[in-house]
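Results of the structural survey
Below are the chains, spelled out letter by letter.
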Amino acid sequence: MQYMLSRRFLIAHLILLFQVVSGAQETQRIKGVVTDSESSFPLIGATVEILGLGVGTTTSEDGFFTLSDVAIGRIDVRVSYLGYEDATRSNVLVTSGKEVWLEIQLVERIAALNEVVVRDQSFRHKTVNDLATVSARTFSMDEAARYSGSFGDPARMAQSYAGVSGASDDRNDIIIRGNSPTGVLWRMEGVDILSPNHFATLGTTGGPVSMLNVNNLQNSDFLTSAFPAEYGNATSGVFDLRLRNGNTDRYEFLGQVGFNGFEGGVEGPLGFGKNSSFVINGRYSTLGVFGALGIDFGTGSAIPEYQDVTFKVNVPTSKLGKFALWGFGGSSDIAFLAEENGGNNLYNEDDENATFSSKTATVGLTHTYFHSDRALTQLSLTYSASAIGGIVEEFDPTSDLFVKDYEQDFRQDKIGLNLKYNIKINAREKITAGAILDVYGLNVEDSVRLNNGAIRNNINFEGEVTLWQGYVNWQHRFNDRLTLNTGLHTQWLTLNNSFAIEPRLGFEFAQSDVHTFTVGAGLHSQTQPIPIYAQIRKDAEGNVVASNEDLDFFKSAHVAAGWNWLFAPSWRLKSEVYYQRLSDLAVDRESSAFSMVNSGADFGFPDRIGLDNDGTGRNYGIEFTLEKFFSEGLYLLTTASIFDSRYRGSDGVLRNTLFNSNYVFNVLAGREFTLSPKWTLTVDTKVTYSGGRRYTPFDVEESLRQGREVLIRERTFEEKLPSYFRPDLKLGFRLNGAKSTQTFFIDLTNFVGNRNVFERDLDLITGAFDDTYQRGFFPDVRYQIVF
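Residues numbered from 1 in each chain as written. Predicted model: local features only at pLDDT ≥ 70, side-chain atom pairs only at ≥ 80, totals over all residues. Heavy atoms only, no water.

**Comments concerning a negative patch on the surface**
The grouping of Asp602, Glu709, Glu759 and Asp770 at the surface amounts to a negative patch. Position of aspartate 770 relative to the elements: it lies in strand S46 (residues 769-773). Assessed through its relative accessible area of 41%, aspartate 770 is described here as partly exposed. (Patch = residues over 30% accessible without salt bridge, like charges linked within 9 Å, V, L, I, M, F, W, Y side chains within 5 Å. Areas by Shrake-Rupley, 256 points an atom, 1.4 Å probe, with all protein chains shown as cover. Salt bridge = Lys/Arg side-chain N within 4 Å of Asp/Glu carboxyl O. Lys, Arg positive; Asp, Glu negative; His and termini not counted. Charge placed at Lys NZ, Arg CZ, Asp CG, Glu CD. Helix = DSSP H or I, 4+ residues; strand = E, 2+ residues; numbered from the N terminus. Buried < 20%, exposed > 50% of the residue type's maximum accessible area, 1.4 Å probe, protein only.)

Pasting the structure below:
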């Protein structure tokens, strides 16, 4: 009894001490800016109020506002301005550790005040880019941090949306409507960027771990079809990311540890200039700690090492416009050693040593200048660089040494120049035009040891390649309910003079305050992955030539139509149908089932020479989204995608693509329990069920006879792996102290340990299937403090 009393006494004092250290203050400041949605010009004198609290203010001459002494918790903020539709930000989270920053755009009304009823737009189903009409949604960093199983990665978070799936548990590749992940465009601060992923390979768009830090991002857009004319060199989707500014009044700090690494961040005023600020976050991998605990990453005993940094410096001026210096960068490496393999990873054989490293960085300088309250120019100068290296060695029992089988050294840098001009002619008309110049410096080479010991280069290219892009968008609002977005995009590749003209079109009709119908269409083109252009061969005279250098752009024509029904407060039902026609796919010149449309979800591309653009394909499907936006402590997101994705190789046979899993279903839900004014409990869950990955069946009899896997090429991708099923569960606590907020959660991905097949091989002795499984149960534990 005495022992029990002593233990309770100790626990009570520890809780009391934790609360004392955390403090008792329960208020915070809310700051932000209000701008015109078409011109981005600040609105002076807009009314900002917290609903239900009677607290309000008006915006300054710069469009800024501040609300002080706001109680922590969830609040609704409404903004109104004469001649504009009201806007509401619902369930804004106010914590004691960090000031809240809101950027709110208002839409100017077309009809006179006596002709319409003022509509209060929550904008939770709207996009940041108002030119995006169909197949687009905005995602918040609150969502990226909240969704179970996302690891704080925007790409993994997007796999919860309709029409999107992943390639495997170990990578964050984004498969959109059955398309290859290479069709995705990454954009940051309005500039096209290299793949923002650790362990990325040249030409791919995904990787095992993201460099993106959700603590540096603000609300951004994700588009999956028929995107506006300002987006080019993409055929399946766009991630349009925006970095947030730092606090302009006080210094704030962040510390975090979890799956993504040890992290530290700081932000605050620069000390000169009005409203100037900086924010910087850095991370260093913690997987060595997880590995020591016996957690399996699918890499055997090899531990991935990585580090990254993201930053932004914002300097507005009164006469010269606004300047922003921003960027991100990271490095990663891993070594798979034969003596440490034990046969439990996917990336090297028991008699191989394999090492891999990658480095990527982008830095940009952006200048925004307002010519008037209706026109602005934005000019961005960027520099990007990446260096990717890999070596594979095989043990030679004759010499008792490891002999180099393969080596790659891929280096590229890119100088980018982006010019954008935006003018709001009136409440009905807006024109956006721009030009994009990307100059690539390439030095890529690999070497392969042949069976006779000779060394051969499959990839070898050194030189400069330029991609020019130009676009114009025109938005016409017929009235407050009907909007036309149309435009034209062009692009030209100097490597082989590939040229494309791409018209874009979108309509949005708000039949009422609850029913909205959208239609979008457009042509889209994309360059081939750089390693494909760099494939070499010897001609009849023995000269080395680039065999794929003349490949044209891969093209895709999109048509999509959608219906959005806001059938109850905080609830919506959305459905979309779409059709995509693929053309100019890179395929073999000789009759075969090969097509580049099936690549891009791995750590490299097939070594293929002599390709041309005779391939075709098509995707179509229907998608449903039932969503309850976060309100009253609860959210729900249910998505269903049913689709068919097929292609024709040079043999003319219509086949399934590798990514034609046919269906994807997701259910996400979460509840926030307020235990006290300071303590909050969060519970989030996600369940995914999708069709299995496609594979080509084995000729078992011939495989056993030859002692190697022999595929039935005539039946390429006819078979499917078993369906994929993964439930995730996340539990967390949030504690608000006087000047700090602490968050702790544990995310139990695949908490039932379901064995999802990743790859199917053939046992060459028994003729039975030899399956390799995806990652099983994986706990992600994370702690964060903001002060």
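There is more to say, and it comes next.
**Comments concerning the sheet that holds strand S17 (residues 237-243)**
Read across the open sheet, the five strands follow the order S9-S16-S17-S12-S13; overall the sheet is mixed. At either end of the open sheet lies a strand with only one pairing partner, and these are strand S9 (136-139) and strand S13 (191-192). Taken together, the two bridges between strand S12 (residues 184-188) and S13 define a ladder with antiparallel strand orientation. Looking at the pairing, methionine 188 lines up with valine 191 of S13. (Pairing = 2+ DSSP bridges.)

**Structural notes on the nonpolar core**
It is characteristic of soluble globular proteins that their nonpolar side chains tend to be buried jointly. Counting 35 residues, the largest nonpolar core has Val444, Met596 and Leu611 as its most contacted members. Among the elements of the structure, strand S22 (322-336), strand S23 (352-370), strand S26 (429-449), strand S28 (460-477) and helix H5 (530-533) are those that each provide at least two residues to this core. Not counting residues up to four positions away in its chain, the partners in contact with methionine 596 are Pro529, Ile532, Ala586, Phe605, Pro606 and Leu611. Judged by nonpolar contacts, the second largest core, of 30 residues, contains Phe222, Phe239, Trp326 and Leu637. (Core = buried A, V, L, I, M, F, W, Y, C linked by side-chain atoms within 4.5 Å. Contact = heavy atoms within 4.5 Å.)

**Digging into empty space enclosed by the protein**
All told, the structure shown has seven cavities of 30 Å³ or more when counted by the stated rule. Reported here for the largest cavity is a volume of approximately 870 Å³. Forming the boundary of the largest cavity are 47 residues, of which Gly203, Asn233, Thr527, Gln528 and Pro529 lie nearest the centre. Within the residue set of the lining of the largest cavity, elements represented by two or more residues are S12, strand S24 (375-396), strand S25 (401-424), S26, S28, H5 and strand S35 (571-588). With four residues, the single largest contributor to the lining of the largest cavity is S28. For the lining of the largest cavity, the per-class residue count stands at 24 nonpolar, 20 polar and three charged. Approximately 500 Å³ is the volume found for the second largest cavity. Lining of the second largest cavity is provided by 30 residues; of these, Gly166, Ala167, Ser168, Ser690 and Tyr724 occupy positions nearest its centre. Put simply, the parts of the chain that give the lining of the second largest cavity at least two residues each are strand S10 (164-166), strand S39 (663-674), strand S40 (679-690), strand S43 (724-736) and strand S45 (757-762). Split into classes, the residues belonging to the lining of the second largest cavity amount to 10 nonpolar, 14 polar and six charged. (1 Å grid on protein atoms, 1.4 Å probe; cavity = no way out; pocket = protein on both sides within 12 Å on 5 of 7 lines; lining within 4 Å. Points joined across faces, edges and corners; volume = space filled by probe spheres on them. Nonpolar A, V, L, I, M, F, W, Y, C, P; charged D, E, K, R; others polar.)

**Brief notes about a nonpolar patch on the surface**
Together, Val577, Ile622, Phe624, Ile642, Phe665, Val667, Val687, Tyr689, Phe725, Phe751, Val752 and Phe777 give the surface a local cluster of nonpolar side chains, amounting to about 970 Å² of exposed area. For the nonpolar patch, the secondary structure elements donating two or more residues are strand S36 (611-631), S39 and S40. Counting through the fold element by element, phenylalanine 777 comes out in the loop between S46 and strand S47 (778-786). When its relative accessible area of 43% is taken as the criterion, phenylalanine 777 is described as partly exposed.

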